[in-house]
Structures are given as C-alpha cells and as structure tokens.
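Chain residues, written in single-letter form:
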Amino acid sequence: MLKRAHNVCSLLSEEIAAVARCGGWQYDTASKHLTCTSAVFHLLDLCENSELTLRHVFAVFTPQERKSLSNTLRNLLNNRVAFELELSVLTHKRKRKWVKITGKIQCCQDKGVRLYGAVQDVTEQRRLSDTEQNYIEYLNTILNSMNDVILSVDEYFTIITANQAVEKMFGYAPEVLVGEDISFLLPEEVEGQRRCFVRDHLQPGLGFINGKELVATKSSGKVFPIEVSVSEVVQSGQTQFVCVLRDITEKKQALDNIYQIAFFDEITHLPNAKLFEKDLRNVIAQARASGKHVYCCMLDIDNFAQLVQAFGKETGDYILRVLAGRLKKAVSAQFEVYGGLRDKFYVLLKAPFDEDHEHDLVNLITEIEWSLHTLLMKEMSLHGNPQVITTTLASAYVHGADAEYEKVVGILDFATKRAKQQGPGGRVTLERNEFNAYDRHSYISQHLASALQKKAFYLVLQPQFDGQGNIVSSEALIRWDDAKLGNISPGEFIPIAEESDIIVEIGDWVLNEACRLLSHLRKLGVVTTLSVNVSGRHIARSDFSDRLVDIIEYWRVSPGQLVLEITETTLVSGIDLVRRRIEKLSHLGFRFSIDDFGTGYSSLSYLKELPLAELKIDRYFVDEINFESDHVPIVDTIIDMAGSMGLKTVAEGIENDIQLEYLKRKGCQLFQGFYLSKPQPVTTWLERLLAMPVKKRYNV
C-alpha cells in the first residue's frame, strides 16, 4: 500500500486537469505503488486524503469490465501494447459514469517497469453519442417501416442510402442498390424518361419535384408506375437529393376504375354521354381554331320505351348491346361511338375537317351513314323470334366558328324530330342552310316562358255557326306576336311548347282568358260557349281538374259554357288516365269534343266509353268535298256514326259554299272555317256577338 504522492503534478496541471475532467495515474510494478492526480479522486468520488489501491479502483467496475481491464493491463505488461478503453463505473457515491482509460509502459533503469496513463470522464460525450445513435436507429426504424422507397443520391446520381422498402417494391436488397446509378431503377426502353429525370431534377438548384409520374422496373424486369418526389439538401458541404418513390399501381387501377364508371356505359361498355360532351367540346375548340367543320350524328332507337315495356328491361339491355356492337363494327378508327341517354347513340369524327376540300372524307362519312343505317336495320332474335329494330339517324356538319356543344346537340335533336316524321328508320342530314330553322326553333323554345310573363300571347275567336248562320259557339285560339319574329303561328310554337311543362302554363292561361271573356259577356247579357284546346300533357296533370274548377269558380262561369277539345291521339294514347279526368269533369257539367277526329287511331270503342259531346271533322276530310262529290265516305261515316251515338258534329276548315252545303245536307250541325269567318280579335268578336238579336244571345 502506498500513500498518494502530492508532488506528481504542479498546481497549474491540476487546474487544467480539473477543467478537462481528466486525471493521470502511475503504477510502479516493483513497489506496487499506485499514484493518481486529484482529478481521479474527484472522478471516482474518493477522498483525496485516503489511500488508493488497485483493489479500490477495480471495485468500481463490473466483473465483466474488471476482467477486461485486467486483461488489458496484463497485455500491456507482457506485450508492451498501449491501450485505450471506455468503461462504465459506479462510484462510491453510487453515481454511474463513463470513463476513458489510457495506458502505456515505461522501463526504468533503477526501478524496473512503470505503467502510466490518464483517466477521463466521458459520461457526457457518451450520453450524447448514445442519444445520437439512438436517434439514428429511431430514424432508421421509421424509414424502414415506411411503404415508400426513400433513397439519398449524390450529385453524380449515385445511390448513397436506401431503406428496406426498396426490396419489397423493386426486389433488390438495399445494400445491392447502394453505389448504383439511380437510372438503374428506370427501364432502358424509356430512355427519354431517364435523361429528363436526371437532367431536370437531379442537378444542383433544380432538385425539387412533387409527385412526378414515371415508369420503373423491378428486378424481374416487370415495369410499373411510380410517383417520385425529390428534395435537394446540402450535407457536409455536398449537394445530395432525397428521392421518395411510391408505387401507384393500385392508385392507377383505382383511377382507371373511377374513369370507367364515370365515362363508360355499364350496359354497352361504350364511352358515355359525359365523355361524348368532353370529346365534342375538344373537337369544337380545334375546329374553331382551324376554321374547319365538326361532324357528328345521333342514332335514336324507334319506340324503345314500348319495346322495353313489351319485352322487359333485360331484353332492352340486350338490344342496346347488340346495336352497340354493330355500330363499333361499322365505323372506322377515325370515328368514336358513344352510348347516349338510354336509347341514343352518337358517332363523332375525332378531328375537325374541311368539308369543301376533303372530299374523300365527306364520301367516307356518307358511306358510313348508309352502312350504319343498313346494319342497324338487320333483324335480331328476341326470345326466339326475328325482330327488326329501326333506328332514326340524324347528322350535321357544323362550322367551327358557329359550333358550341349545346348547339350541336340541339341541332341533332332537331334533325331527329324531322327524321322521325319520315316514319321508323328515318334519316336526315341537316344542311347548313337549314340551321336557320333550328335557330328559330331554339329561339321559340327559349322565349315561350318570357312571352307568357310579358303578355305577348293573346286570344282570337273563330265563330262556329249553325245551319241558319247563327253564331252558337266559338273556338278560342292563341296567338303570339313576338318583338323579333313577329306573328308566330300556334301550329309552330304549340308543338314546341308541348315538349316541356310550359304547355301547362299556356293551357292555364288560355282557360283563364276564355273564362274571363265568358264572364265579361255574361255581364253584357250574352251567354255563349267557347271551345278550348287542351294538350295531352296538360290534362295528364294530377291537378288539372282542381285548377280548372278554381278558374270557373273565380270567374263565376258555368262549366257547360266550356267545351274542352282533346285530340284523338291524346285520348287513345292515355285512355285510362283521360277517361278518369273526363268522367269526373263531365259530372261537374263540362263538355268534351274530339278534335281532328279520324286522323288518329282505328279503334272507336272509346266513343262508347266516354261522355263526349261532339266530334270535330278534320279539315283534311272536308277538303275532299268538291263540286264533283256526291259521296265522301269518311265524312258521311263520321256524321252518321256521331248521330247514332247522340253526338254533335262540327266541321272545320270550310273553304267554300260547296263544302258547306254538302255538310248541311248530310246532317252536320256546326260549321267553322274561313269561308264563314276568319279568327277575329276579341273586340271585333264582341261587337259581332252584341249585334245579334237579343233572343239569339243565349245559345248554351
């Protein structure tokens, strides 16, 4: 046992050692004396006045570390190899510290061998090192748990690090990729992709992209889509790039599925009306820029609703699929076929063209239209029976400067209506000079509602006469005087109004005006009847009866003063619904007339079932009466049939005395036409009624 030697180091050395938390030690193998500086005592929490032996020093180490230190000292003695160890100690004050011990050997001439070295407190450095190491491990754990591949790449495009996800995504272990060029992950056949990615994004100052789509290749050679994000960082003065690679195969598949659902018809698998609108707008934009034309056609299955009603929805879907297959077979790659709204198909030329110069293309379009028309008319088997499904075809060439999506579709709808007038399987190509008719049709359609609000409609009255020439009734006829188009015939605007519910509002207005006139006449001492045309769409409304009753009650008009004229087509096409309306209103005193009788359906059974008041002989049959006519079978039959059923007959469209006298002779009761009186303004009509003898003013 040796006492501590106080003169080993000078005072200055002691101060420096204290600041550095480092002390020195010396061990004389001959005398077995251990000498330490003050810093060692402080480091081990020992009293400086106490004696210090190797046993005291070894006691602060764990058995394992004690063994390691013992072996190291023995190696120093035997092999003269200097050492440096970092060991943990538990001081006498039970504090856990880390110390770094160094040792060397010196041979002395008179005293044998001397061991010496230093002891340094490295607790703080070790704590910081452990924290850093833990943090690195923590980050690596996070990176390796991610599904995205994260690579760090230097400015020479070499992969420096890679996380574990690279093995799952690409099939390469991370250590295999480290040192490789990043283009190793991009397929060779997409060479332009490689160059652009490296040139545009892995250069200092350019290293930032977010979600760029590229094609990558697995170790198996399979290519797949990825999304790449790149950030540029500076590490130890060197530019590096952090690349995040995400496999978007499932995302692309999901997007494809969404696209398929959004833009393709589930029955025919054709592009649907949404994609048609998108593509047509694109072609229109190209045509407008180039001054060329757009070609498009629409095919509308005739009576498709009746087919579905007769055979069922599954058969209707089968028809659509068969026709879709025929359409795709008939058109070339220059055209696209679309499934429209249920019973419609569109065919669009994918690019604009010059109608005046590209004659071959115009001829091709004509050939395709005939091919479509012929192919769609072929028989198909429905439930084992051959069936011909006719389809109306309407097409148009529209100049880009005039084209808009809504206008092109409107032109096709307009042309389809014209084609259907030809009968099943009709075909119309709307010429450029016919677009004025479409523009007029569109103008009327768009201004019907405002015309009603602006009171642009008015009534005229056409008298109906008995055999003695007395006015016994009149027909209320609507007229429209437009600021732009002038007088518009009801034969033109009423069919357009019947395409929407505006016909209901117009019908209510006419009924209200007719009742207002009847109320005014009653105050003047004249009681007469007015005939008012009622559209099928109007009478089909569930509130028609209630609204009609409200109108007559408001004007205090007798129901018997109104004769409601319904076309034969309306009556037969909705016989059950119309029967209920007519029966209900007839009980209230309203009278009904069948307008244009004989032009609709051959079945006359409804005449016995309904409480009708009169039949109107259509002008088409009246026109057959001339000076050579001794017998007009249809007219005679209608008059005889009406008489046998107790119905009045009203002949309209009388143009001459020959027609009038023939009808009187055959027993017709009421007469109407230009020969007797043209439709008159309300004021003129009122003056004529008031001029009648008082005893003839009551003709209900």
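Every chain is numbered on its own, with residues counted from 1 as its sequence reads. Owing to the predicted nature of the model, reporting of local features is limited to residues with pLDDT of at least 70; listing and counting of side-chain atom pairs is limited to 80 or more, with chain, interface and lining totals taken over all residues. Each side-chain value is worked out from all heavy atoms of the structure, with water and hydrogens disregarded.

### Re the overall build of the protein chain
Line of reasoning, step 1. When helices and strands are counted, the protein chain shows 26 helices and 27 strands.
Line of reasoning, step 2. The buried share among the 700 residues of the protein chain stands at 45%.
Line of reasoning, step 3. At a minimum sequence separation of 6, the contacts of the protein chain that also span at least 24 residues come to 60%.
Line of reasoning, step 4. Surface accessibility in these figures is a Shrake-Rupley result with a 1.4 Å probe; residues are shielded only by whichever protein chains are displayed. Just so you have it, the protein chain exposes about 36,500 Å², and 51% of that area is on carbon and sulfur atoms. Each helix corresponds to a stretch of at least 4 residues labelled H or I by DSSP, and each strand to a stretch of at least 2 residues labelled E; elements are numbered beginning at the N terminus. Relative accessibility under 20% of the residue-type maximum defines a buried residue, over 50% an exposed one, and the middle range a partly exposed one, all with a 1.4 Å probe and only protein chains included. By the convention used here, residues are in contact when the closest approach between their heavy atoms is within 4.5 Å.

### A short note on the environment of R246
Line of reasoning, step 1. Inspection of the secondary structure puts R246 in strand β10 (residues 238-247).
Line of reasoning, step 2. By relative accessible area, R246 is classed as partly exposed at 41%.
Line of reasoning, step 3. Sequence separation between R246 and M169 is 77 residues; the distance between their C-alpha atoms is 8.6 Å.
Line of reasoning, step 4. In this structure R246 touches D148, M169, P225, I226 and E227, once residues within four positions along its chain are discounted.
Line of reasoning, step 5. Within the structure, R246 has its side chain in polar contact with the side chain of D148 (distance 2.8 Å). Here a polar contact is taken to be a pair of N or O atoms separated by no more than 3.5 Å, where protein atoms must pair a possible hydrogen donor with a possible acceptor and residues adjacent in sequence count only if both atoms sit in side chains.

### What to know about the pattern of salt bridges
Line of reasoning, step 1. Salt bridges, as used here, are contacts in which a Lys or Arg side-chain nitrogen is within 4 Å of a carboxyl oxygen on Asp or Glu. Within this structure, the stated rule accounts for 26 salt bridges.
Line of reasoning, step 2. Between R246 and D148 there is a salt bridge whose closest N-O contact spans 2.8 Å. In this pair, R246 is assigned in strand β10 and D148 in the loop between α5 (123-145) and β6 (149-154), connecting sequence segments 98 residues apart.
Line of reasoning, step 3. Linking E652 and K616 is a salt bridge whose minimum nitrogen-to-oxygen distance equals 3.5 Å. One end of the pair, E652, is in the loop between β25 (648-651) and α25 (657-666); the other, K616, is in strand β24 (residues 614-617), and 36 residues separate them in sequence.
Line of reasoning, step 4. Owing to a relative accessible area of 6%, E652 belongs among the buried residues under this scheme.
Line of reasoning, step 5. A relative accessible area of 0% places K616 in the buried class.
Line of reasoning, step 6. Ionic contacts of the salt-bridge type, sharing partners, join the residues D300, D302, D343, K344 and K420 into one network.

### Describing the environment of L375
Line of reasoning, step 1. Tracing the backbone shows L375 in helix α13 (residues 359-376).
Line of reasoning, step 2. Assessed through its relative accessible area of 17%, L375 is described here as buried.
Line of reasoning, step 3. Note: C-alpha distance between L375 and A330 (45 residues apart in sequence) is 7.7 Å.
Line of reasoning, step 4. Beyond its immediate chain neighbours, meaning those up to four positions away, L375 contacts R326 and A330.

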